[in-house]
Amino acid sequence: MKTQVCIIGGGPSGLLLSQLLHLQGIETVVLERQSREYVLSRIRAGVLENGFTKLMRQAQCGERMDKEGEVHDGFFIAHEGKLDRVDLHKYSNGNSVMVYGQTELTRDLYEARDRMNGIVIHNAEDVQPHDVKGVKPYVTYRKDNAECRIDCDYVIGADGFHGVSRKSIPPDVLKEYEKVYPFGWLGVLSRTKPVSPELIYAKHDRGFALCSLRSQVLSRYYIQVPLSDSVDNWSDDEFWAELKRRLPAEVAGQLITGATIEKSIAPLRSYVAEPMRYGNLFLAGDAAHIVPPTGARGLNTAGSDIYYLYTGLVDFYKNNDASGLEQYSEKALARVWKAQRFSWWMTTMLHTFLDTPDYDQKLKEIDMSYLFSSDAALSSLAENYVGLPY
Ligand code: RFL
Ligand code: PHB
């Protein structure tokens with residue numbers, strides 16, 4: 001098979017790029033290791049910045065998102081038993097975020113690819129990029145025991161943190177930056193009315209907690225747990241009891257509990273791979289960088305990568321101008337590192353770290369009190385949370 005752009009990974013990054021390029025008459029093939037059902041069973045992001053929702057509309061995938069998603073003008077931070085609101089609208093020049101689940105968004109992208117007869121190959125095994133440094137790269141994979149090959153101009157590595165693409169960059173070229181946190185988030189999805197119409201990020205001595213939602217009948221809650229913990233240690237009752245302990249009394253009293261639909265632990269990690277381009281291979285999204293979910297930056301940062309790649313590829317194919325592709329790594333990384341900084345800051349301020357020296361503990365406390373005493377600090381938080389421009 002031959003195509004212009006071969007995309008490895010059928011998560012949101014790969015599908016969005018494929019859909020945007022298709023609308024510009026650029027051919028793509030998406031290779032996904034898992035089945036569609038498996039990809040759609042992963043519960044992940046919930047908060048989208050306007051840059052991302054704009055891309056979804058541009059990809060002609062925004063209709064259901066605009067109907068069913070919720071626009072949020074602010075969120076709460078709970079600390080010292082009280083709730084303080086971050087007014088995103090006020091502190092970011094009228095901006096807001098959209099609450100719409102990654103599962104639904106991915107479903108919309110798959111449906112759009114189907115509608116346009118886009119090629120998305122599922123259950124592709126042993127996907128491997130070749131000759132990415134040369135002018136004739138190709139990708140091999142196995143499907144139903146047949147060996148297959150796709151010749152292309154460009155290979156896009158949109159295959160997530162555990163993907164294969166990044167490994168094609170030689171170790172002496174690839175520089176990796178990593179920070180592993182000594183805890184994870186235990187997340188629960190439940191068909192209950194959310195405790196608050198807006199998100200609550202809670203700082204508590206027992207550990208961080210987050211009250212989020214997918215709709216007014218579907219709640220998403222998280223609590224910080226040690227890395228060594230396992231979901232088997234947490235019955236539904238134990239989860240709800242611990243969540244309540246970490247919330248201000250007025251909030252805990254309102255919490256509606258019920259059977260959980262999903263329960264999983266995600267470790268917290270920060271990671272960046274540089275450069276994001278090697279020859280004709282371009283990395284995008286979680287394949288190149290991940291953040292702890294505290295600042296809701298992961299998928300949103302994948303969105304800016306996709307924007308830079310999409311515009312670079314369109315300039316190349318339509319105007320014979322390769323400058324966007326040449327500048328891709330540098331431009332994408334500049335925004336990636338700002339998202340890294342913000343996610344690190346939110347994570348550090350809101351989580352409980354064992355053995356924090358007293359001095360550092362004092363700084364964390366003052367960080368929070370400074371935040372709610374300064375319009376400048378709130379503006380900085382809001383500017384980053386709604387997404388820096390691209
Ligand atoms: P994905 O979603 O991991 O998709 C990559 C796809 O590639 C496939 N793949 C392969 N395919 C072929 N061959 C191989 N060798 C392959 N290896 C892997 C995989 O099966 C998969 O389908 O990466 P992508 O598309 O870059 O998307 C990134 C986002 O998924 C991620 O950044 C977000 O989920 C992060 N995130 C959040 N981001 C936000 O912007 N806002 C949020 O509110 C938010 N909340 C979250 C989150 C992530 C979380 N977890 C579980 C890590 C909350 C959580 C709990
Ligand atoms: C979620 O709803 O899953 C979610 C929301 C905000 C975050 C992280 C996760 O910062």
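Residues numbered from 1 in each chain as written. Chains lettered and ligands numbered in written order. Predicted model: local features only at pLDDT ≥ 70, side-chain atom pairs only at ≥ 80, totals over all residues. Heavy atoms only, no water.

**Focus on the nonpolar core**
Thinking step 1. Judged by nonpolar contacts, the single largest core of 67 residues is most densely connected at Leu16, Leu31 and Ile156.
Thinking step 2. Considering every element that reaches this core, the biggest residue donor is helix α9 (residues 298-319), with 7 residues.
Thinking step 3. Excluding residues within four positions of it along the chain, leucine 16 makes contact with Phe52, Leu55, Met56, Ala59, Leu109 and Ile306.
Thinking step 4. Leu213, Leu268, Leu371 and Ala377 belong to the second largest nonpolar core, which has 32 residues in total. (Core = buried A, V, L, I, M, F, W, Y, C linked by side-chain atoms within 4.5 Å. Buried < 20%, exposed > 50% of the residue type's maximum accessible area, 1.4 Å probe, protein only. Helix = DSSP H or I, 4+ residues; strand = E, 2+ residues; numbered from the N terminus. Contact = heavy atoms within 4.5 Å.)

**A few points about the site of ligand 2**
Thinking step 1. Around ligand 2 there are 14 residues in total, and Tyr201, Ser212, Arg214, Tyr222 and Pro293 lie nearest to it.
Thinking step 2. Between ligand 2 and the protein, one listed contact pairs an oxygen atom with a backbone N or O atom of proline 293 at 2.8 Å.
Thinking step 3. Protein burial of ligand 2: of its 270 Å² of free accessible surface, 97% is covered by the chains.
Thinking step 4. Elements with a minimum of two residues in the shell around ligand 2: β15 (209-215) and β16 (218-226).
Thinking step 5. In terms of residue count, the dominant contributor to the shell around ligand 2 is β15 (3 residues). (Near = heavy atom within 4 Å. Polar contact = N/O pair within 3.5 Å; in protein donor to acceptor, adjacent residues only side chain to side chain. Areas by Shrake-Rupley, 256 points an atom, 1.4 Å probe, with all protein chains shown as cover.)

**Considering the sheet that holds strand β20 (residues 289-290)**
Thinking step 1. Taken in spatial order, the 8 strands make up an open sheet running β6-β5-β14-β15-β16-β13-β17-β20, and their pairing is mixed. Either end of the sheet is taken by a strand with one partner, and the two such strands are β6 (82-87) and β20.
Thinking step 2. Sheet topology note: the strand β13 (residues 175-190)/β16 ladder contains 8 bridges and is antiparallel. Bridge pairing in β16 places leucine 189 opposite arginine 220.
Thinking step 3. Most of the contacts of helix α7 (residues 236-245) go to β16, to which it runs at about 80 degrees, and overall it touches β13, β15, β16 and β17 (260-274). (Pairing = 2+ DSSP bridges. Axes fitted to C-alpha atoms, helices over the stretch in contact; angles between N-to-C directions.)

**A few points about the sheet that holds strand β1 (residues 5-8)**
Adjacent strands of a sheet pair through backbone hydrogen bonds, lying either parallel or antiparallel.
Thinking step 1. Spatial ordering of the open sheet is given by β8-β2-β1-β12-β19-β18, a layout of 6 strands whose pairing is mixed. The open sheet is flanked by β8 (119-121) and β18 (277-278), the only strands paired with a single partner.
Thinking step 2. Where β1 and strand β2 (residues 28-31) come together, 4 bridges link them in parallel fashion. Its bridge partner lying in β2, cysteine 6 is registered against valine 29.
Thinking step 3. Contacts from α9 reach β1, β12 (154-157) and β19 (281-283), with the element oriented near 175 degrees to β12.

Interpretation in functional terms is not warranted from these geometric data alone.
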